[in-house]
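So you can see what is in the structure, the chains are spelled out below.
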Amino acid sequence: MPEQFIWGIEVFLNGLMAGVLYALVALGFVLIYKASGIFNYAQGVMALFAALTLVGIMEGQVPFSHLINATFGTEIHHFGWHVPAFAAILLTMVVMIALAWVVNTLIFKHLVNQEPIILFMATIGLAYFLEGFGDMMWGSDIKTLNVGLPQGINPVIDEVTYNIFDYGFFIDNLDIVATVIAAALVFTLIVFAQYTKQGRAMRAVADDHQAALSVGISLNFIWVMVWSLAGFVALVAGIMWGTKSGVQFSLSLIALKALPVLMLGGFTSIPGAIVGGLLIGVGEKLFEFAIGAPYLGGATEIWFAYVLALIFLVFRPQGLFGEKIIERV
Amino acid sequence: MFYREAGDFKTSYVDDSQTFPIKFDRYRYYVVLLIAFAIVPFVINDYWVNAVFLPFLIYSIAAIGLNILVGYCGQVSLGTGGFMAVGAYAVYKLMTGFPEVSIFFHVIAAGGITAIVCVLFGLPSLRIKGFYLAVATLAAQFFLVWLFNRVPWFYNYSASGQISAPEREIFGVAVTGAETLPWAAYLFCLVFCAASAILARNLTRGMAGRKWMAIRDMDIAAEIIGVDPLRAKLSAFAISGFFVGLSGALFFAVYLGAVEVGEAFGINKSFLVLFMVIIGGLGSIFGSFAGAAFLVLLPVLLKNVLVGTLGWPTDLAAHLEFMIVGGLIVVFLIAEPHGLAQLWRVAKEKLRLWPFPH
C-alpha cells in the first residue's frame, strides 16, 4: 500500500478526533440558540473561564490575588490547599450556574425581543468582559490542567496498525477519551431534550416564547437552565482543550473554530453540529495534508473551515440540517 | 434660543437641502473644521499625535466605512481587520512599485483596491443574511491575513515578513517614514478623514443611502418597491471597502510605519471597529466619530489613571480595559441601542426647545 495513502488514513482519523472537539463547542452554541435565539459568541470564552476557574480551584489560588496585591501591597497567591479534581469540577459547575444566572438577569432579560444581531453583539461584549474578568480573577499566565485524563500515544492502536500496515498510527489517548465523552454528552442531551419535563419545556420555549409562557412555563427558569447547560458544555470543552494545549487565552478562540461548524450543520440542529464538526475536522486536516502544506505554504487550517462553510452556504443557506428559512413581508 | 430653524429663511433648493439646515449647527461645523485645520497643527506635539489624534482620525475613517455597511445597509461584517490589511498592503506595493507617483494617489488607489476585494467577499451577502453573513465575513478576515503572511510577493520578500513604509513627501514635506513631523502626519490624515466624512454624509443622504436603508429595514420589501438588492448591497460593500482601505493604508503608512499583519490587522481590530460603530451609533456619521473618539481615548485615560496615578501593573490595567469595554457594549445595547449619536440627537432636541420647554 502506498505510504501517502496510509498517512492519509492517519490524518483522516486525527481529523475525526479534532472534529469531535469542534462539535463539542458547537453543541453549546446550538443549545442556547435553540432555546433563546441568541447566538452566543461568548461560548469560547466561557470554556476558557470554566477551565481557568477549574485550575484556580484545584490549585487553591486566591481569586483576584493580583488585584489585591497591587492595591494593598500584599503578597498573597495561594490558599495552600489542593482540591481533588472531582470536587473542583463540581465547584466550577456551581460557578458556571451562578454565571448563567447573572448573565441572564443582568443582560439578556433586558434584551428580550431585540433583533438577533443586537443579541449577537451583546454576547461579543459579554465575551470581552468575561475575558478580562477571568484574567483579572485568575491571572493571565498559561496554566496546565490535569484532571487525570490519559494522554499520549495509544499503544494498542499503534501496535495493531503496525501489524497491518507496517506503520503505527499516532492517535492520542486524550482524543479517544474526548470522543467517548462527547458522544455520551450528545446522547444525554438528546435524551434530556426529548424525555424530561424540563427538556420538553425547553423545546417549547424554542418553538414559541409567548405560547410557552401562556401554558405556564417560566421563561426565566428555562433561560437560566439553558445557559447553565451551555456552561456545562463549556466546562467539558474547557477541560478537553485545556488538557490538550494548556489553559491560555487561545482557548477562547475555539469559538471561532466552532462557527463554521455551525454554519455547515445549521444553527438549530444537534446532529448538525456533530456532522458539521466531523466534516470540518476531517476536511481541514486532509486539505492541509494534501494541498495546504505541499503547495500553499501551510497553516491553511485557519481559514479552510470558513471558506468551506462560505462556499457551502451559497448553495444551501440554512446549512445541512437547519430549518428551512421562510421569509414573509 | 439660538438653536432653532425659526428666522433662518431658505430661499433656494440648495439652501433647503444643505447638510446642516440650522444656522448654529452650520457655524459650529465651520468652527470645528477651522480648529482642526488651522489651530490644532500648531499646538500638538508628538505624544498627542501618536496617542490620540492619528488613531482617532484613522479609526474614524474605518468606522465610517463599517457604519455604511452595518449601520446603513444592515450587512454585519467582521472582516474589517482583513480589509484594512488589504489597504495597507496595497499602499505598500504601490509605494514601492511606483515611487515617482505621489503617495496621495497611492492611498486613494489602495482604497479602490480594497473596494474590489470587499465586493468579492460581499458576494455571498446576496444569498445569506444576518449573522450567517457575519460569520462568512470572518472567512475574509482569516483568509486575507493568512494570504499576506504566506505569500512573499506581498511583503516584497523581506526577511522579517514585515512591511515598512518608505519615506514619501507631499509638497516637499515628509508624511511617512522616520522624519515625519507630527503636524504633517496629522494634516495628511485629517484631509482624508474630513473628505471621507463629507463624502459619506452626502452619500447616505442621497439615493444610494436611501436604498441601503431600505435594504437594511427589510430587504424583501425593498426589492418589491424597486431597489435592486444586488446593486445596493454590493455598492455598500464597495464604498465601505473603500473607506476601510483608506484607513488601513493610513494606519500602516502614516501611523505605524511598520506592520506585522497578524498583529496589526487581526480579528481584534475587526471587533474594535465594530464596537466603535455600536457605541457611537449605528447609522450615523457623527456616531462613527464619537465611537472612535471614545474607544481611542478610553485606553489612554485608563492607562493614565490606573498605571500613572494608582500605580497598577500594566497587565491589570489591560484586563480592566477589556472588562470595561465589554461592559460598556452591553450597557449601551441595553440602555441606548443607537449609541452616543442618539444622546447627541436627544440633546439637540432639548436645545431646540430651550429655554421654554413647554
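Higher on the page you've got the structure.
Predicted model only: the values in this text are computed from it and were never measured.

A. Molecular detail of the interface of chain A and chain B. At the interface, 54 residues of chain A touch 44 residues of chain B. Its largest share of buried area at the contact with chain B, chain A owes to A:Met121, A:Tyr128 and A:Trp303, together 15% of the area lost on that side. Where chain A meets chain B, there are 0 salt bridges. Counting the contacts that link chain A with chain B gives 1 residue pair in polar contact (both at pLDDT 80 or more). Secondary structure elements with two or more residues in the side of chain A that touches chain B: α3 (65–72), α4 (85–108), α5 (116–138), α11 (254–265) and α13 (301–315) of chain A. The residue makeup of the side of chain A that touches chain B, split by class, is 37 nonpolar, 12 polar and 5 charged.

B. Examining the packing of helix α12 (residues 267–280) of chain B against helix α13 (residues 285–309) of chain B more closely. All names here are of chain B. Two elements in contact, α12 and α13, have axes whose closest approach is 7 Å; the angle formed by their N-to-C orientations is 120°. Relative to α13, α12 is oriented oblique. In terms of crossing hand, the pair formed by α12 and α13 is right-handed. Residues Leu272, Phe275, Met276, Ile279 and Gly280 of α12 lie in contact with α13, whose contacting residues are Gly287, Gly291, Ala292, Phe294, Leu295 and Val296. Counted by class, the contact of α12 with α13 contains 8 nonpolar, 3 polar and no charged residues.

C. Here's a closer look at the environment of A:Glu10. All names here are of chain A. Locating glutamate 10 in the fold gives a position in helix α1 (residues 3–36). Residue classification places glutamate 10 among the buried residues on the basis of a relative accessible area of 11%. Put simply, glutamate 10 and threonine 161 are 151 residues apart on the chain and 10.0 Å apart in space, counted from C-alpha to C-alpha.

D. Representation of the layout of surface pockets. Residues and elements named next belong to chain B. The computed volume of the second largest pocket comes to approximately 1,500 Å³. Around the second largest pocket sit 49 residues that line it, and Phe20, Arg28, Tyr29, Phe286 and Phe289 are the ones nearest its centre. When residues of the lining of the second largest pocket are traced back to their parent elements, those giving at least two are α2 (23–43), α3 (46–72), α7 (182–205), α13 and α15 (339–353). The biggest single contributor to the lining of the second largest pocket is α2, with 11 residues. A class-by-class count of the residues in the lining of the second largest pocket yields 33 nonpolar, 6 polar and 10 charged.

E. Focus on empty space enclosed by the protein. All names here are of chain B. Applying the stated criterion across every chain yields a total of 1 cavity of 30 Å³ or more. Of the volumes computed, that of the largest cavity is approximately 30 Å³. For the lining of the largest cavity, the elements supplying multiple residues, two or more each, are α3, α4 (80–97) and α10 (229–256). If one sorts the elements of the lining of the largest cavity by residue count, α10 sits on top with 3 residues. Residues of the lining of the largest cavity, tallied by class, amount to 5 nonpolar, 4 polar and no charged.

So, how was this worked out
- Residues numbered from 1 in each chain as written.
- Chains lettered and ligands numbered in written order.
- Predicted model: local features only at pLDDT ≥ 70, side-chain atom pairs only at ≥ 80, totals over all residues.
- Heavy atoms only, no water.
- Contact = heavy atoms within 4.5 Å.
- Buried area = accessible area lost by both parts, 1.4 Å probe.
- Salt bridge = Lys/Arg side-chain N within 4 Å of Asp/Glu carboxyl O.
- Polar contact = N/O pair within 3.5 Å; in protein donor to acceptor, adjacent residues only side chain to side chain.
- Helix = DSSP H or I, 4+ residues; strand = E, 2+ residues; numbered from the N terminus.
- Nonpolar A, V, L, I, M, F, W, Y, C, P; charged D, E, K, R; others polar.
- Axes fitted to C-alpha atoms, helices over the stretch in contact; angles between N-to-C directions.
- Parallel < 35°, antiparallel > 145°, perpendicular 65-115°, else oblique.
- Left-handed = near helix turned anticlockwise from the far one by under 90°.
- Buried < 20%, exposed > 50% of the residue type's maximum accessible area, 1.4 Å probe, protein only.
- 1 Å grid on protein atoms, 1.4 Å probe; cavity = no way out; pocket = protein on both sides within 12 Å on 5 of 7 lines; lining within 4 Å.
- Points joined across faces, edges and corners; volume = space filled by probe spheres on them.

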